[in-house]
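Geometric and topological summary
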Amino acid sequence: MLSVENADNPDETGELLRQRRRHGMRDPELAVDGAMSMWKALAAVFPAGREQRYGVHRATNITNALPKSAQPGATKVMRELHNAESRARAEKATEAFATTCGTKLPMAVAKIADDLEGLLALYDFPAEHWVHLRTTNPVESTFSTMRLRIQATRGAGSPAAAQAMVVKLVESAQARWRTITGAHLVPLVRAGARFENGILVERPEAVAA
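Residues numbered from 1 in each chain as written. Predicted model: local features only at pLDDT ≥ 70, side-chain atom pairs only at ≥ 80, totals over all residues. Heavy atoms only, no water.

**Some thoughts on the overall build of the chain**
Within the chain, the secondary structure is distributed over eleven helices and five strands. Looking at the chain residue by residue over its 209 residues, the buried ones come to 38%. Summarising the internal contacts of the chain: among those between residues at least 6 apart in sequence, 61% fall at separations of at least 24. Looking at the chain as shown, the accessible area adds up to about 12400 Å², and 55% of this sits on carbon and sulfur atoms. (Helix = DSSP H or I, 4+ residues; strand = E, 2+ residues; numbered from the N terminus. Buried < 20%, exposed > 50% of the residue type's maximum accessible area, 1.4 Å probe, protein only. Contact = heavy atoms within 4.5 Å. Areas by Shrake-Rupley, 256 points an atom, 1.4 Å probe, with all protein chains shown as cover.)

**Quick notes on the nonpolar core**
I62, M78, L81, F97, I112 and Y123 are the most contacted members of the largest nonpolar core, which has 33 residues in total. Contributions of two or more residues to this core are made by strand 2 (30–32), helix 3 (55–64), helix 4 (71–83), helix 5 (87–101), helix 6 (106–120), helix 7 (130–133) and helix 10 (186–191). Here this core gets six residues from one element, more than from any other, and that element is helix 6. Excluding residues within four positions of it along the chain, Y123 makes contact with L81, A84, E85, S86, R87, A90, W130, R134, F195, E196, N197 and G198. Formed by eight residues, the second largest nonpolar core is a distinct cluster that contains L17, A31, M38 and L42. (Core = buried A, V, L, I, M, F, W, Y, C linked by side-chain atoms within 4.5 Å.)

**Let's talk about the pairing of strand 5 (residues 199–202)**
Where strand 4 (residues 194–196) meets strand 5, three bridges bridge the pair, whose relative direction is antiparallel. Looking across to strand 5, one finds that F195 is bridged to L200. Between the end of strand 4 and the start of strand 5, which pair antiparallel, lie two residues, with N197 showing a positive phi angle near 50 degrees. (Pairing = 2+ DSSP bridges.)

**A few points about the packing of aromatic side chains**
In the structure shown here, the tally under the stated rule is one aromatic pair. Measuring from centroid to centroid gives 5.1 Å for Y123 and W130, while their planes differ by 80 degrees, and the two rings are edge-to-face. Under the relative-accessibility criterion, Y123 is labelled buried at 1%. (Phe/Tyr/Trp six-rings, centres within 6.5 Å; stacked < 30°, edge-to-face > 60°.)

**Some words on helix 9 (residues 159–173)**
Spacing of three or four residues puts side chains on the same side of an α-helix, whose turn is 3.6 residues. Its 15 residues give helix 9 an end-to-end C-alpha distance of 21 Å, which sits within 8% of 21 Å, the value for a rise of 1.5 Å per residue. Of the residues making up helix 9, those classed as buried are M165, L169 and A173. Considered in projection along helix 9, the buried side chains sweep an arc of 65 degrees and stay on one side of the axis. The exposed residues of helix 9 that point more than 90 degrees off its buried face are P159, A160, Q163 and K168. (Expected span 1.5 Å × (residues − 1). Arc of directions from axis to C-beta.)

**As for the confidence of the model for the chain**
For the chain, mean pLDDT is 81; residues scoring 70 or higher make up 88% of the total. Here strand 1 (residues 2–3) stands out as the element of the chain with the lowest mean pLDDT, 51, in contrast to strand 4, whose mean of 95 is the highest. (pLDDT = per-residue confidence, 0-100.)

**As for helix 6**
Look at helix 6: 21 Å from first C-alpha to last across 15 residues, which is about the 21 Å you get at 1.5 Å a residue. The sharpest bend along helix 6 reaches about 45 degrees and sits at D114. Those residues of helix 6 that fall on the buried side of the exposure criterion are A108, V109, I112, D115, L116, G118, L119 and L120. (Bend = angle between axes of the 7 residues up to and from the residue.)

**A short note on the pattern of salt bridges**
Close approach of charged atoms allows side chains of opposite charge to pair. A complete count under the given rule lists 14 salt bridges for this structure. Close ionic contact of R89 with E85 constitutes a salt bridge, the shortest N to O distance being 3.4 Å. Residue classification places R89 among the exposed positions, given a relative accessible area of 52%. Classification of E85 by relative accessible area gives exposed; the value is 58%. Between R87 and D124 there is a salt bridge, with its nearest N and O atoms 3.2 Å apart. With R87 in helix 5 and D124 in the loop between helix 6 and helix 7, the pair connects residues that are 37 residues apart, well separated along the chain. Classification of R87 by relative accessible area gives buried; the value is 18%. For D124, a relative accessible area of 24% gives the class partly exposed. (Salt bridge = Lys/Arg side-chain N within 4 Å of Asp/Glu carboxyl O.)

This is the structure we're talking about:
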């Protein structure tokens with residue numbers, strides 16, 4: 001899984017992904033969150049990679065574009081989408097919102113419908129991984145560590161010094177990272193196992209053997 005945050009420059013994002021490909025990185029099974037430039041670069045460099053949109057960010061974007069009177073309804077459906085126990089329940093919440101608000105709030109309904117596949121992609125992955133796919137805390141906390149250090153030093157100096165500092169900070173931060181829940185399922189995901197609503201339904205032959 002690939003997570004990129006605050007990637008606002010499409011050229012820089014594309015070059016970052018191309019570097020990863022040159023170093024042997026395969027198409028990610030799932031890319032989590034990211035700026036629009038990331039999605040465009042991902043489609044160009046790793047076209048087989050799927051997208052998982054972060055529901056909380058999307059909810060904020062949608063509700064901010066609506067009149068205040070309409071915001072509670074949109075917030076409710078986005079919360080239901082974000083926490084639904086299955087794809088069917090998430091789709092039901094979306095349909096109910098469209099039926100109730102489609103005439104009065106076509107913009108909100110369209111925004112959710114346009115992103116629906118990206119919002120529901122996680123249901124095709126192990127349920128044990130959903131807790132990670134529903135948040136961007138890991139990447140955000142890492143960037144927070146770097147921001148604090150840069151602010152304390154009032155800059156990062158030369159590009160080489162900045163790169164060295166980032167590497168050291170990430171190496172230090174990773175000592176506090178927790179292991180992904182259901183880590184034993186990652187090889188199955190990479191091997192092409194099929195999951196429905198978080199449950200394994202088809203094991204790839206290479207792993208089953």
